[in-house]
Amino acid sequence: MTINAVEMKNISKSFGSVKANDSIDFSVKKGEIHCLLGENGAGKSTLVKILFGLYNKDQGQIKINNKPVKINNPAGAIKEKMGMIHQHFMLVDRFSIIENIIAGQEPTRTWGTSIDKKKAAVKVKEISQNFGFDLDPEALIENLSVGEQQRVEIMKALYREAEILILDEPTAVLTPQETEELFEIMESLKEDNKTIIFITHKLNETMEIADRITILRDGKKIGTVNKNDTTPQKLANMMVGREVLLDLEKSSKNPGKEIFSIKNLSYKNPVSGLELNEINISFKKGEIVGLAGVEGNGQLELEEIIAGLKAPDSGEILFNSQKITKVSTRERRNMGLAHIPSDRNKYGLVGNFSLAKNILLGSEWNPEFKNKFMIDFDYLNNYTDQILKEYDVRFSGKNSRASELSGGNQQKLIIGRELSRGAEFVLAAQPTRGVDIGAIEFIHRQLLKIREEDKAVFLISAELDELMSLSDRILVIYEGNIVARGKVEDFDQEELGLLMAGHSREER
Amino acid sequence: MAFNKNLKEILYSVAAIISALLLGALLIKLSGHSALKAYYYLFYGAFGSTYNIAQTFLKTIPLIFTGLAVAVGFQSGLFNIGAEGQLYLGAFAAALAAIIFSNLPGFILIPLALAAGALAGSLWAAVPGILRAKTGAHEVITTIMFNYIGILLTTFLLKNYFKEEGPVDQTKKIAEQARLPELVANTRLTWALFIAIFVIIIIYYLLNHTAYGYDLQLVGENINAAEYSGVDSDKVIINTMLLSGGIAGLAGSTMVLGVLHRFITNFSPGYGFTGIAVAVLGRNKPLGVLFAAFLFGILESGGMSMQLFAKIPADLMTIVQGLVILFVAAPSIFKILKNKSGIFRGDNS
Amino acid sequence: MNVLGTIFSINTLAAAIRLVVPIALAAVGGAFSERSGVINIGLEGMILTGAFAGAVGSYYSGSAFFGVLAALAAGAILGLLFSFFTIDLEADHVVAGVGINILSLGFTTWLMQVIWGQKGASPQVAGLPEIKIPILADLPLLGDLLASNSPIVYLMFIIVISSWYLLFKTPLGLRIRFTGEHPEAADTLGINIRFIKYFSVTLSGVLAALGGSYLSLGHLNWFSSNMSAGRGYMALAANIFGQWNPLGGFAASMLFAFTDAVQMRLQGMNLNIASEFIQMLPYVLTVLILAGAVIRSRPPAALGSHYKSNK
């Protein structure tokens, strides 16, 4: 009899009226790499969070190593020798690697009262060396790269002697090279006879690393297949439930005159110390300029400076040949800047406001929406209805609040608001992050439509596919420097990946 | 849906009041008195006669102002615990204006004195607002400190420059024409009631129907989104404190022009602090504040007759206020009760 | 008369040490509570309740020792109540804290009248004796200062140092700090965050109440209405200025206490300054310190938020 490291039977879980998991059966053999594949919102994270004790299931049974178990919290999961590497790292920035790893299971001395830092350091070093991680245990998390932080997450699980490792979308934040390195680590963990559950929505990764694959869609299990018995196209169809068109039509088009430009712009982030160095970018009408880069290399700083949320240390920003370096955010928006922010919940939406009041965001002083001194709510409501319809925002009731929308619909609401303002220059940062495939297609078409209307788009994205299919020109940012620039045809994905990781063009 | 949500909030508020009063009854019982008798006198004190009703309204007026002051701050994410100090500054400035310009006719002098009070309250609140916006110093602590400083400051000014001869630290009486006209004879219930309701209406429209109010609430809900959309949140924070302090200042100036007819040290029995409870109970909405202030007005005027006739210390009402704040702050307490009792089953929201 | 000499004398410092006790103990309590992620505006009410319970305990038992025990118990109860509201019921920390303060004010004033039939102050109760520690008396300079004090003063020094040790050297301390920074991460490490928060907030109640009992048993030997007089808020400011560290909190509390001591000395000196301005000193200082300190300080990342495991 083969041992099933994990066996979940008939698992269901609802959030309000949404069935996140609907009678799912899921089993993982000991020592395999099992891929859990599905779109955003398919229920993958919910399923593993139930397994790890973070969510309470509504119904169903769980067996670990063929033995029925009750897991009420992560402590229970850790006892069953499970470890989870979360999509959003569970690390305290201002604590050291050691502190992050040992918390909850600290070695002690002095009659068990004080933490034995030496013993902890020895053990952390040992794990680190076993997998060739090369990390200083005393280093603070905030000084580590994203890839290094992920290794700390893995070490946390290994420190607790996990036999079953759950990796929730671990590649979302990594460069292609870092992803390769992660896969090597996963292979060596497999050789150590560990069981790995790997969650992703990326088909090529699935085909590269998985032994078996379970596909979820809309909270239901669609099937489990051996990697060797399937193809990417079959997986895609199972995942989406219809034929997927992976290509977008982009007209060939000559860009017009320059509308927006950044000249010799420098900035030092006082918190992280990251520096933007002498950035020069010119944006022309009817053109999409893509900025490629691993997160945390200065994209956020650049986004905030362009939007007017931060002031640069030196350099200039020109909009329609007018200097706007010192102009306020409100005035920039009035001049025709639209901004799709990278962090939609932090910047783009007010969760507690109605949809109409979210559409009003940034236009509340605009005479169009006013009736003498008062806000003209009749007009606003009509206007809102139009935008919601045009941008295909799906909502449950007239008085829904923004927080009640799904991620994809929230994003469409923001895009509708920003693009309907008649902007000349669109700053689109991570416009498809965390939205499902249907919404991604829609958003991409909207951005191309804006390009057709002869407006300029600055697309900041971590998704190479997106950059390659939408951009006319591409820039690569690494540690605050633009390290490469050129027409989209001059790059291929592999090269972009290398440039994003800091390899220069000549090195090849 | 929005209507349901409002209804639910009202129900929770009512449940909070009833629970707090029941716990109060338990305390009365434990201290060896009759809760029924106590609450009878509470009710009698509040509504037993025209005079009593007038007294209840009289107690309600300053609470409308201070409750509204705190509520406006809350709407913008600011916790103004300094209404008490702002009230003192407002009262002092109103008395001063009324005394200095005592030869002006009433229709000019009254608005002038009211405005002076509002302005003084505004300026006193502005300092914590500026400190919050520019240095991040939390307004909860700075406004509390400004209460102490403000009360000491008015005492100092009074004693050294404006004190009337005699044992009491007070100014001389303000001129007849500076006093607000009485609504019910010999009750000191004056036009201040209409001023309070008028301010409620103004603030209601300001918050819900103007761009200014939109920005104010936006900063309270999501300061990052406010900045992103082009709002200068520092400016909104300072303006909100000015508005909040101005309303609290009106509490003081209407007390002086309507009730006291002079400035007296330590005249406020903590209207500024009760205003917090009023705002919390009223869910920081102008109309909610109106009802909550009226309820606390009942507790204040009824509490006095309870003390007089049933010999229950009126401080019991402070306990009730504290309980109301706690219960309203934690609506889930009633959800727990609801699930346990099953009374409301079938409502699956 | 040498004004500066009088201000900066051993006597002023001795007065400051007496004045610092309730502020410093509450500040240490605030450090525990806030390090675990719970803003504790309720410290003011916890000090007040501690002072009251201390007086009541001493009044009925005739022993100040039992008074202190009663204060600790009352602080624990209030801390548990505050925990229940902020942690289990997910009440807004600041609003619930204000509720606790108003409730404490109401309860103590009301019970005073029920128990003693008077509103202003309680009758005299048995106070704590001063303890002489011979070894300390032999120290140069500080000997006079430290040799003879209320036992709570010595206890305060022990508590400040051991709290620092607990927070920064022990597993429990790491878990408290972890919970305040990133409760979800703490949860995924198997740390019982509900226990950690309950423990920290309840401890803050106990410490603040101990500070309160010093007001009524170590200092004046009676309770008076609203005796805490804003010390809880000063403790909060001291905690922030002290960077959420018991040692820093103590140092900041000393600064407040010293200003207060100076204020009292100046009042006794018939200077040509209005007493109101002298009385303002500690409050003005609190505001100035807060305005200067906050810019550079970095509170626990999850301070004021709610997190529940196992949804």
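For every chain, the first residue of the written sequence is number 1, and numbering continues from 1 along that sequence. Chain A is the first chain written and ligand 1 is the first ligand written, with later ones labelled in order. Since the coordinates come from a predicted model, pLDDT governs what is reported: local features require at least 70, and pairs of side-chain atoms require 80 or more to be given and counted, while whole-chain, interface and lining totals use all residues. Only heavy atoms go into the side-chain values, all of them from the structure, while hydrogens and water stay out.

Remarks on the overall build of chain B
When helices and strands are counted, chain B shows 14 helices and zero strands. Our radius of gyration looks at C-alpha atoms and nothing else; its globule reference is 2.2 Å times the residue count to the power 0.38. For a compact globule of 349 residues, the expected C-alpha radius of gyration is about 20 Å, and chain B comes in at 21 Å, within 12% of that figure. Expressed as lengths along the three principal axes of its C-alpha atoms, the size of chain B is roughly 65 × 60 × 30 Å. The classification of residues rests on relative accessible area computed with a 1.4 Å probe and restricted to protein chains. Under 20% of the type maximum is buried, over 50% is exposed, and intermediate values are partly exposed. Expressed as a percentage of its 349 residues, the buried residues of chain B come to 59%. For chain B, the exposed surface amounts to about 13,900 Å²; the carbon and sulfur share of it is 67%. The charge count includes Lys and Arg as positive and Asp and Glu as negative, but it does not include His or the ends of the chains. By convention, charge coordinates are those of NZ in Lys, CZ in Arg, CG in Asp, or CD in Glu. Of note, chain B has its 22 positive side-chain charges centred 9 Å away from the centre of its 16 negative side-chain charges. Only DSSP runs of H or I reaching four residues or more are called helices, and only runs of E reaching two or more are called strands; each is numbered from the N terminus. Residue burial considers only the protein chains on display, and all accessible areas are found by Shrake-Rupley using a 1.4 Å probe.

Let's talk about the overall build of chain C
Check the secondary structure of chain C and you find 14 helices and two strands. Expected size for 311 residues packed as a compact globule is a radius of gyration near 19 Å; at 19 Å, chain C falls within 12% of this value. Along the first, second and third principal axes, the C-alpha set of chain C runs to 65 × 45 × 40 Å. Within chain C, the fraction of its 311 residues that count as buried is 60%. In chain C, of all internal contacts separated by at least 6 residues, the share reaching a separation of at least 24 is 76%. Any two residues whose heavy atoms approach within 4.5 Å are treated as being in contact.

Quick notes on the sheet that holds strand S1 (residues 4-15) of chain A
Residue and element names in this part refer to chain A. With respect to topology, four strands assemble into an open sheet ordered S2-S1-S4-S5, the strand pairing being antiparallel. At either end of the open sheet lies a strand with only one pairing partner, and these are strand S2 (18-29) and strand S5 (67-69). In this sheet, neighbouring strand axes are inclined to one another by 25° on average, regardless of whether the strands run parallel or antiparallel. Two elements, S1 and S2, share eight bridges in a ladder whose sense is antiparallel. Across the sheet, residue Ile11 finds its bridge partner in S2, namely Ile24. Only the stretch in contact is used when a helix axis is fitted, and all axes are lines through C-alpha atoms; the angle between N-to-C directions ranges over 0 to 180 degrees. Against the sheet, helix H1 (residues 44-51) engages S1, S2 and strand S4 (59-64), with an angle of about 115° to S1. When DSSP finds at least two bridges between two strands, those strands are taken to pair.

Section: the nonpolar core
A general feature of soluble globular proteins is that nonpolar side chains tend to end up buried together. Ranked by size, the top nonpolar core spans 158 residues in total, and within it B:Phe65, B:Leu257 and B:Leu316 carry the most contacts. Apart from residues no more than four positions distant in its own chain, B:Leu316 is found in contact with B:Gly24, B:Leu27, B:Ile28, B:Met306 and C:Trp110. Grouped together as the second largest cluster of nonpolar side chains are 123 residues, A:Phe95, A:Ile154, A:Ile209 and C:Ala257 included. Within this scheme, the nonpolar core is defined by two criteria: the residues are buried Ala, Val, Leu, Ile, Met, Phe, Trp, Tyr or Cys, and they are joined through side-chain atoms within 4.5 Å.

So, unusual backbone geometry
All names here are of chain A. Phi angles above zero are rare outside glycine, and Asn65 is one such case at about 50°. Following the sequence through the fold, Asn65 ends up in the loop between S4 and S5. Residue classification places Asn65 among the partly exposed residues on the basis of a relative accessible area of 41%. Positive phi values are uncommon outside glycine, yet Asp454 reaches one of about 70°.

A short note on the interface of chain B and chain C
Taken together, the contacts link 45 residues of chain B with 41 residues of chain C. Each of two parts loses accessible area, computed with a 1.4 Å probe, when they are put together; buried area is these two losses added. Surface buried jointly by chain B and chain C totals about 3,600 Å² across both partners, of which 84% is contributed by carbon and sulfur atoms. Here C:Glu276 ties to B:Lys159 by a salt bridge, and the two come within 3.3 Å at their closest N and O atoms. In the analysis that follows, any N or O atom pair within 3.5 Å is treated as a polar contact, provided that within protein one partner can donate a hydrogen and the other can accept it, and provided that, for residues neighboring in sequence, both atoms belong to side chains. Where chain B meets chain C, there are three residue pairs in polar contact (both at pLDDT 80 or more). Looking at the side of chain B that touches chain C, the elements with two or more residues in it are helix H1 (2-30), helix H5 (106-135), helix H6 (139-162), helix H11 (271-281), helix H13 (316-329) and helix H14 (332-341) of chain B. A total of 13 residues in the side of chain B that touches chain C trace back to one element, the largest contributor, which is H6(B). Residue polarity follows a fixed list, in which Ala, Val, Leu, Ile, Met, Phe, Trp, Tyr, Cys and Pro are nonpolar, Asp, Glu, Lys and Arg are charged, and the others, Gly among them, are polar. Its residues placed into classes, the side of chain B that touches chain C shows 32 nonpolar, eleven polar and two charged. In the sections that follow, a salt bridge refers to a side-chain nitrogen of Lys or Arg positioned within 4 Å of a carboxyl oxygen of Asp or Glu.

Details of the interface of chain C and chain A
Of the residues lining the interface, 24 residues belong to chain C; the matching set on chain A comes to 34 residues. Summing both sides of the interface, chain C and chain A together bury roughly 2,400 Å²; the carbon and sulfur share of this comes to 56%. Run the count over chain C and chain A and you get three salt bridges. Along the contact surface separating chain C from chain A lie six residue pairs in polar contact (both at pLDDT 80 or more). Taken together, the elements giving at least two residues each to the side of chain C that touches chain A come down to helix H8 (151-169), helix H9 (171-181) and helix H10 (183-188) of chain C. When residues of the side of chain C that touches chain A are assigned to their parent elements, the largest contribution, six residues, is made by H9(C). Taken together, the residues of the side of chain C that touches chain A sort by class into eleven nonpolar, five polar and eight charged.

Let's talk about the side chain of C:Thr108
Residues and elements named next belong to chain C. Checked against the element boundaries, Thr108 lands in helix H5 (residues 93-116). Given the relative accessible area of 3%, Thr108 is considered buried. Here Leu105 takes part through its backbone oxygen, which lies 3.1 Å from a polar atom of the side chain of Thr108. Once residues lying within four places of it in the same chain are set aside, the contact partners of Thr108 are Leu48, Thr49, Phe52 and Phe223.

Focus on the UniProt feature "transmembrane region" (unreviewed entry) in chain C
UniProt's entry tags residues 6-29, 41-60, 66-87, 94-116, 151-168, 195-215, 235-256 and 277-295 of chain C with the feature "transmembrane region" (unreviewed entry), counted in the numbering of this structure. Taken end to end, residues 94-116 of chain C is 100% helix and 0% strand, and its two terminal C-alpha atoms sit 32 Å from one another. UniProt positions are given in the numbering used here, feature names are shortened, and annotations may be inferred rather than shown by experiment.

Observations concerning the packing of helix H4 (residues 64-88) of chain C against helix H11 (residues 193-219) of chain C
Residues and elements named next belong to chain C. With their axes 7 Å apart at the nearest point, H4 and H11 run at an angle of 145° to one another. Note that H4 runs across H11; the crossing there is right-handed. Among the residues making up the contact of H4 with H11, the classes are represented as 15 nonpolar, seven polar and three charged. Two helices that cross are described as forming a left-handed crossing if the nearer one is turned anticlockwise from the farther one by less than a right angle, and a right-handed crossing if clockwise.

A closer look at the packing of aromatic side chains
Working definition: rings of Phe, Tyr and Trp (its six-membered ring) pair if their centres are within 6.5 Å, and the pair is stacked with planes under 30 degrees apart, edge-to-face with planes over 60 apart, and tilted otherwise. Tallying each qualifying case throughout the model produces 43 aromatic pairs over all chains. The interplanar angle of 70° and the centroid separation of 5.2 Å between the aromatic rings of B:Tyr40 and B:Tyr41 together place this pair among those described as edge-to-face. Overall, B:Tyr41 belongs to the partly exposed group, its relative accessible area being 21%. The aromatic ring of A:Tyr159 is capped on one face by A:Lys123, whose charged end is 4.6 Å from the ring centroid. In this scheme, the term charge over a ring applies when either NZ of a lysine or CZ of an arginine sits within 6 Å of the ring centre and within 35 degrees of the ring normal. Of note, A:Lys412 hangs over the ring of A:Phe442, and the distance from its end group to the ring centre comes to 5.6 Å.

Side note on the packing of helix H7 (residues 192-209) of chain B against helix H10 (residues 233-260) of chain B
Residue and element names in this part refer to chain B. Running from amino to carboxyl end, H7 crosses H10 at an angle of 170°, the nearest separation of the two axes being 11 Å. The angle between H7 and H10 falls in the class roughly antiparallel. Facing H7, whose interface residues are Ala192, Val199, Ile203 and Leu206, H10 presents Leu243, Ile247, Leu250 and Thr254. Each residue belonging to the contact of H7 with H10 can be placed in one class, and the counts come to seven nonpolar, one polar and no charged. Throughout, the term roughly parallel applies to angles under 35 degrees, roughly antiparallel to angles over 145, roughly perpendicular to angles from 65 to 115, and oblique to all others.

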